[in-house]
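Here's the letter readout for the chains.
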Amino acid sequence: MSTANTVYDEHEGRVATITTIAIEAKAVIRSESEAEIIPTNDQDAEKVVYARAFQAWAEGKIGGNAEDIFETVQEVLEI
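Residues numbered from 1 in each chain as written. Predicted model: local features only at pLDDT ≥ 70, side-chain atom pairs only at ≥ 80, totals over all residues. Heavy atoms only, no water.

A.B. asks: Sorry if this is basic, but what is going on with the overall build of the protein here?
C.D. replies: Of regular secondary structure, the protein possesses three helices and two strands. Each helix and strand of the protein, placed in order from N terminus to C terminus, yields the pattern α-β-β-α-α. The C-alpha radius of gyration computed for the protein amounts to 13 Å, which stays within 12% of the reference 12 Å derived for 79 residues, consistent with globular compactness. Seen through its principal axes, the protein has C-alpha atoms that stretch 35 × 30 × 15 Å. Across the protein, the fraction of contacts at a sequence separation of at least 24, relative to all contacts at a separation of at least 6, is 49%. Taken as a whole, the protein presents about 5200 Å² of accessible surface, with 50% of it coming from carbon and sulfur. (Helix = DSSP H or I, 4+ residues; strand = E, 2+ residues; numbered from the N terminus. Rg over C-alpha atoms; globule rule 2.2 N^0.38 Å. Contact = heavy atoms within 4.5 Å. Areas by Shrake-Rupley, 256 points an atom, 1.4 Å probe, with all protein chains shown as cover.)

Written out as structure tokens, the structure reads:
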């Protein structure tokens, strides 16, 4: 596997995990067709996503560095 594929796969894993966290926190919802993720713009829920994502990272459940986590949370919340 090439380095590019590994980096891409690692990023996609972060996006999937953080999207799950965001759905559980009700910071985003899935459209009825489940083809789209829609932000709820709930600032309290967004804070929960950041906290849970960094907690999961600290526990080794999400790979990457702190900047990767921060940028991925932003990406998920801005979809």
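Structure's up, so let's keep going.
A.B. asks: Help me understand the side chain of Thr19, please; the structure alone is not making it clear to me.
C.D. replies: Mapping Thr19 onto the fold places it in helix H1 (residues 3-24). On the accessibility criterion, Thr19 (10% relative accessible area) is buried. In contact with Thr19, not counting residues within four places along its chain, are Val28, Ile37 and Val76. (Buried < 20%, exposed > 50% of the residue type's maximum accessible area, 1.4 Å probe, protein only.)

A.B. asks: Would you take a moment to explain a negative patch on the surface for this structure?
C.D. replies: A cluster of acidic residues, Asp9, Glu12, Glu75 and Glu78, forms a negative patch on the protein surface. In this structure, Glu78 sits in the segment after helix H3 (66-77). (Patch = residues over 30% accessible without salt bridge, like charges linked within 9 Å, V, L, I, M, F, W, Y side chains within 5 Å. Salt bridge = Lys/Arg side-chain N within 4 Å of Asp/Glu carboxyl O. Lys, Arg positive; Asp, Glu negative; His and termini not counted. Charge placed at Lys NZ, Arg CZ, Asp CG, Glu CD.)

A.B. asks: Can you help me understand the side chain of Arg14 in this one?
C.D. replies: Topologically, Arg14 is positioned in helix H1. Residue Arg14 is classed as buried on the basis of its relative accessible area, which comes to 6%. A distance of 3.3 Å separates the side chain of Arg14 from the backbone oxygen of Gly63, its partner in a polar contact. If near-sequence neighbours (up to four positions away) are discounted, Arg14 is found in contact with Ile62, Gly63, Gly64, Asp68, Ile69 and Thr72. (Polar contact = N/O pair within 3.5 Å; in protein donor to acceptor, adjacent residues only side chain to side chain.)

A.B. asks: Would you mind showing me how to read the packing of aromatic side chains here?
C.D. replies: Considering all chains together, one arrives at two aromatic pairs under this definition. Ring centres 5.7 Å apart and planes at 35° place the aromatic pair Tyr50 and Phe70 in the tilted group. Taken together, the positions of Tyr50 in helix H2 (residues 43-58) and Phe70 in helix H3 put the pair 20 residues apart, joining distant regions of the chain. Overall, Tyr50 belongs to the partly exposed group, its relative accessible area being 22%. (Phe/Tyr/Trp six-rings, centres within 6.5 Å; stacked < 30°, edge-to-face > 60°.)

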